[in-house]
Amino acid sequence: MWRSLAIVLARDLPLWRRPVTLLFLMAAAMPIAFATWSALLNNFVIEVAGFDGSDIGWLHTVREIPGFLAVGVIALIMVMHEQVLGLVALLLLGVATALTAFFPSMAGILTITMLSSIGFHYYETVNQSLQLQWLPKARAPQILGLLMAAGSAATLVAYVAIVLTWEALGLGYAHVYVIAGGLTAALAVFAMLAYPRFDAPHPQIKRIVLRRRYWLYYVLQFLSGARRQIFVVFAGFMMVERFGFEVHEVTALFLINLVANMIFAPLMGGAVGRFGERAALVFEYAGLIVVFLAYGGIYYFGWGVVLAATLYVVDHMFFALALALKTYFQKIADPGDIAPTAAVAFTINHIAAVFLPAGLGYLWLVSPGAVFMAAAGIATASLLLAMLIPRHPEPGNETLLSRYRQAPAPAE
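These remarks concern the structure in this document. (Residues numbered from 1 in each chain as written. Predicted model: local features only at pLDDT ≥ 70, side-chain atom pairs only at ≥ 80, totals over all residues. Heavy atoms only, no water.)

**Quick look at the overall build of the chain**
Argument step 1. When you go through the chain residue by residue, the secondary structure sums to 15 helices and 2 strands.
Argument step 2. Whereas a compact globule of 412 residues would reach a radius of gyration of roughly 22 Å, the chain reaches 21 Å, a difference of no more than 12%.
Argument step 3. For the C-alpha atoms alone, the extent of the chain along its principal axes is close to 70 × 50 × 35 Å.
Argument step 4. Residues classed as buried in the chain amount to 56% of the 412 residues present.
Argument step 5. Carbon and sulfur atoms form 70% of the exposed surface of the chain, whose accessible area is close to 16,700 Å².
Argument step 6. Of the side-chain charges in the chain, 23 are positive and 20 negative, and the distance between the mean point of each set is 13 Å. (Helix = DSSP H or I, 4+ residues; strand = E, 2+ residues; numbered from the N terminus. Rg over C-alpha atoms; globule rule 2.2 N^0.38 Å. Buried < 20%, exposed > 50% of the residue type's maximum accessible area, 1.4 Å probe, protein only. Areas by Shrake-Rupley, 256 points an atom, 1.4 Å probe, with all protein chains shown as cover. Lys, Arg positive; Asp, Glu negative; His and termini not counted. Charge placed at Lys NZ, Arg CZ, Asp CG, Glu CD.)

Shown next as structure tokens:
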């Protein structure tokens, strides 16, 4: 990987060594560790560490601190190529995941979670930047949909293995975490050795970039992070705490999500390309309002497990449309802004994640339904803001309000 190659020359490489193939390899490698960690997490912390709603809130707050500090990627890419940094972060995620079950105390879980989270969030920051730099704008929505489907397919294999072997072979948490984390780490090492270092055509600005014309993208990122945290932290926790789901049952629910994503993510990518980012995001946010209100109804009106499981799947499918936010930024951004803005946006996305899980963890102890009502309110704000996205966003036409921007005074 240490040999540099201009990305325009990559077409001469064998198909398996091209940049897009590397994106697919990384898309498959990351969720093997992260999704396995997520699938076992709620059962692991409840059965082994005795966590309650407040504890799980603090765990996710700690997990999101590296996301809040993702702006540090800008400092690292001053001395390290983005592709190298992404693969090192992927390696860290794999190794930390493999060690998770060996630290079953509160302090141990928080420490190993912090390490795996550094790997995950720095990988995701760089990966998003590389995707937007390496993919052509005309095909980006479709390829992003396929990348999501590839990640779902890799995770599907891992989850099927858990469902089929957890009880049959009497597996423990250590076995599964070591295998999943080790495989991700091995794929990261392979990618380091097998691929040249691809140099994008537009050098990236290596400092913090905050531009007024990106304001709508920043706000939607903030709201997306807040809304997603509520789902990630509390929707799965509800399935275990309220309905008593066991490991293989939670994993089976995740399997349904994966199959749905494999089918619908490429279709959603095509829909974004056809109907535009505004229509896709308005549809996503409107659907999430209904889903979160129904989540609240489970607690306020005693609705049952079948509805809860259905909502969990539908909720997960709506999140696949988040690729529209990526392509919206790709269309309005200066080419050199992509890497630094990806880092800034990841930090903005995680501002709420630092305090929201812990704060809502205490609210959960009093009124779990109120947590989902808060998520519905955030989705409503997102819906209203998404209506400001133009049908054809581009530099100078970032929002519907851009037309009212005061024109610069003529030069004298």
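**Concerning the nonpolar core**
In summary, soluble globular proteins display a tendency toward joint burial of nonpolar side chains.
Argument step 1. Counting residues in each nonpolar core, the largest one holds 130 residues, and the members touching the most others are Ile230, Met238, Tyr295 and Phe372.
Argument step 2. Filtering out sequence-adjacent residues up to four positions away, Tyr295 remains in contact with Phe231, Ala235, Met238, Ala308, Leu311, Tyr312, Asp315 and Phe372. (Core = buried A, V, L, I, M, F, W, Y, C linked by side-chain atoms within 4.5 Å. Contact = heavy atoms within 4.5 Å.)

**Re the packing of helix H1 (residues 19–47) against helix H6 (residues 140–165)**
Argument step 1. Their axes nearest at 8 Å, the elements H1 and H6 cross at an angle of 40°. Put simply, H1 runs oblique to H6. In this structure, the crossing between H1 and H6 has a hand that is right-handed. Where H1 approaches H6, its residues Leu23, Phe24, Ala27, Ala28, Pro31, Ile32, Ala35, Thr36 and Ala39 are matched on the opposing element by Leu146, Leu147, Ala150, Gly151, Ala154, Thr155, Ala158, Tyr159 and Ile162.
Argument step 2. Of the residues in the contact of H1 with H6, the class split is 15 nonpolar, 3 polar and no charged. (Axes fitted to C-alpha atoms, helices over the stretch in contact; angles between N-to-C directions. Parallel < 35°, antiparallel > 145°, perpendicular 65-115°, else oblique. Left-handed = near helix turned anticlockwise from the far one by under 90°. Nonpolar A, V, L, I, M, F, W, Y, C, P; charged D, E, K, R; others polar.)

**Considering the packing of aromatic side chains**
Argument step 1. Enumeration according to the criterion identifies 16 aromatic pairs in this entry.
Argument step 2. Ring centres 4.2 Å apart and planes at 10° place the aromatic pair Phe34 and Phe120 in the stacked group. With Phe34 in helix H1 and Phe120 in helix H5 (residues 106–134), the pair connects residues that are 86 residues apart, well separated along the chain.
Argument step 3. Relative accessible area serves as the criterion here: at 12%, Phe120 is assigned to the buried category.
Argument step 4. Ring centres 5.9 Å apart and planes at 80° place the aromatic pair Trp364 and Phe372 in the edge-to-face group. Each of the two residues, Trp364 as well as Phe372, counts as buried.
Argument step 5. Every member of this aromatic cluster is reached through a ring pair, and the members are Phe234, Phe292, Tyr295, Trp364 and Phe372.
Argument step 6. Note that Arg17 overlies the ring of Trp16, its terminal NZ or CZ placed 5.8 Å from the centroid. (Phe/Tyr/Trp six-rings, centres within 6.5 Å; stacked < 30°, edge-to-face > 60°. Lys NZ or Arg CZ within 6 Å of the ring centre and 35° of its normal.)

**Notes on the pattern of salt bridges**
Argument step 1. Tallied over the entire structure, the rule returns 6 salt bridges.
Argument step 2. The partner of Asp337 in a salt bridge is Arg211, with the nearest N and O atoms 2.6 Å apart. Of this pair, Asp337 sits in the loop between helix H12 (323–332) and helix H13 (338–349) while Arg211 sits in the loop between strand E2 (197–199) and helix H8 (215–241); the two residues are 126 residues apart in sequence, bridging distant segments of the chain.
Argument step 3. For Asp337, a relative accessible area of 1% puts it in the buried group.
Argument step 4. A salt bridge links Glu398 to Arg213, with the nearest nitrogen and oxygen atoms 2.7 Å apart. On the criterion of sequence distance, the pair formed by Glu398 in the segment after helix H15 (368–386) and Arg213 in the loop between E2 and H8 is long-range, its members being 185 residues apart. Just as Glu398 is buried, Arg213 falls in that class too.
Argument step 5. Overlapping salt bridges bring together Arg213, Asp334 and Glu398 as one network. (Salt bridge = Lys/Arg side-chain N within 4 Å of Asp/Glu carboxyl O.)

**What to know about the environment of Phe283**
Argument step 1. With respect to the secondary-structure elements, Phe283 resides in helix H10 (residues 277–300).
Argument step 2. On the basis of relative accessible area, Phe283 is assigned to the exposed category, the value being 52%.
Argument step 3. For the pair formed by Phe283 and Pro141, sequence separation is 142 residues and the distance between their alpha carbons is 16 Å.
Argument step 4. Those residues in contact with Phe283, other than ones at most four positions away along the chain, are Phe318 and Leu321.

**A short note on H12**
Argument step 1. Most of H12 is tucked away: 8 of the 10 residues are buried.
Argument step 2. All buried positions along H12 are accounted for by Leu323, Ala324, Leu325, Thr327, Tyr328, Phe329, Gln330 and Ile332.

**What to know about H1**
Argument step 1. The end-to-end C-alpha distance of H1 is 43 Å, a good match for the 42 Å that 29 residues give at a rise of 1.5 Å each.
Argument step 2. If you look at H1, its biggest bend is around 45°, right at Leu41.
Argument step 3. Of all 29 residues that make up H1, 21 are buried, and the element is covered over most of its length. (Expected span 1.5 Å × (residues − 1). Bend = angle between axes of the 7 residues up to and from the residue.)

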